[in-house]
Amino acid sequence: DVVDLYVDLFQATQYEVGHLWQENRITVAEEHMATAITQYVMAQVYSRFEERDSVRGRVVITGIEGELHQVGANMVADVIDARGWDVRFLGTNLPHAGVLQAIEDHRADTVGISATTLLSIPKAVRLVEGIRHKFQSACPRIILGGRAFFSTPTLAQELKADGPAMDLRSALALI
């Protein structure tokens, strides 16, 4: 199953790479190389996804302005795409105005926001507030994910988001 492959291989590998980097057992160059290999293999798997006949809904997945880590959000985008959702993966480091425009253009029912560092939390808060302000009564569901939310698990509730996704499977369940 594609979910098992993404969780048990790609996600587990990236967690191990991050752990090795934190312990200074690999260099930044080696971490970047390992991430690039993971992304390459993910692209090969993604190219083999079957075409779908119907769409379950529309989703935008994005990182926060200033955010440089995108593999986790990319994994979520791939897996929900495989499950029949029309997904726009925006990548990372986008200005909030661009994210808001993409949500509007795609007519998204759900927005997934990824942040990996605690320094990204204020920008995540501003993006959620911007989404709520722009879309008001027609606001898409908002799901927060990424390492930054592991240490602040109540933030999603405080922001009245539809949930924190602590890993790939929980993101899929929330979507």
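Look up a bit, the structure's there.
Since the model is a prediction, treat every value here as computed from it, not as a measurement.

**Digging into the sheet that holds strand S4 (residues 141-145)**
Strands pair in a sheet through their backbones, by hydrogen bonds, and they do so in one of two ways: parallel or antiparallel.
For step 1, the next point in the chain: Taken in spatial order, the 5 strands of this open sheet run S2-S1-S3-S4-S5, and their pairing is parallel. Of all strands in the sheet, those bounded by a partner on one side alone are strand S2 (86-89) and strand S5 (163-165). With direction set aside, neighbouring strand axes in the sheet form an average angle of 25°.
For step 2, the next point in the chain: Pairing of strand S3 (residues 110-114) with S4 involves 5 bridges; the strand directions are parallel. Residue pairing across strands places Val111 opposite Ile142, the latter belonging to S4.

**Focus on the pairing of S3**
For step 1, the next point in the chain: Of all 5 residues that make up S3, 5 are buried, and the element is covered over most of its length.
For step 2, the next point in the chain: The two faces of S3 match: Thr110, Gly112 and Ser114 on one face and Val111 and Ile113 on the other face are all buried.
For step 3, the next point in the chain: Two strands pair when backbone bridges link them, and strand S1 (residues 58-63) and S3 are joined in this way by 5 bridges, in the parallel orientation. Pairing of Val60 across the sheet is with Val111, part of S3.
For step 4, the next point in the chain: For the crossover from S3 across helix H5 (residues 121-135) to S4, the handedness is right-handed.

**Concerning the pattern of salt bridges**
For step 1, the next point in the chain: Taken as a whole, this structure holds 7 salt bridges when the rule is applied.
For step 2, the next point in the chain: Its salt-bridge partner being Arg83, residue Asp1 comes within 3.1 Å of it at the nearest N-O pair. On the criterion of sequence distance, the pair formed by Asp1 in the segment before helix H1 (2-22) and Arg83 in the loop between helix H3 (71-82) and S2 is long-range, its members being 82 residues apart.
For step 3, the next point in the chain: With a relative accessible area of 55%, Asp1 lands in the exposed category.
For step 4, the next point in the chain: The partner of Glu23 in a salt bridge is Arg25, and the shortest N-O contact between them spans 3.1 Å.
For step 5, the next point in the chain: We classify Arg25 as exposed; its relative accessible area is 57%.
For step 6, the next point in the chain: Salt bridges sharing partners connect three or more residues here, namely Asp4, Asp8 and Arg169.

Definitions and cut-offs
- Residues numbered from 1 in each chain as written.
- Predicted model: local features only at pLDDT ≥ 70, side-chain atom pairs only at ≥ 80, totals over all residues.
- Heavy atoms only, no water.
- Pairing = 2+ DSSP bridges.
- Helix = DSSP H or I, 4+ residues; strand = E, 2+ residues; numbered from the N terminus.
- Axes fitted to C-alpha atoms, helices over the stretch in contact; angles between N-to-C directions.
- Buried < 20%, exposed > 50% of the residue type's maximum accessible area, 1.4 Å probe, protein only.
- Right-handed = clockwise from strand over helix to strand, strands pointing away.
- Salt bridge = Lys/Arg side-chain N within 4 Å of Asp/Glu carboxyl O.

Such coordinate-based values are descriptive only and should not be taken to indicate function.
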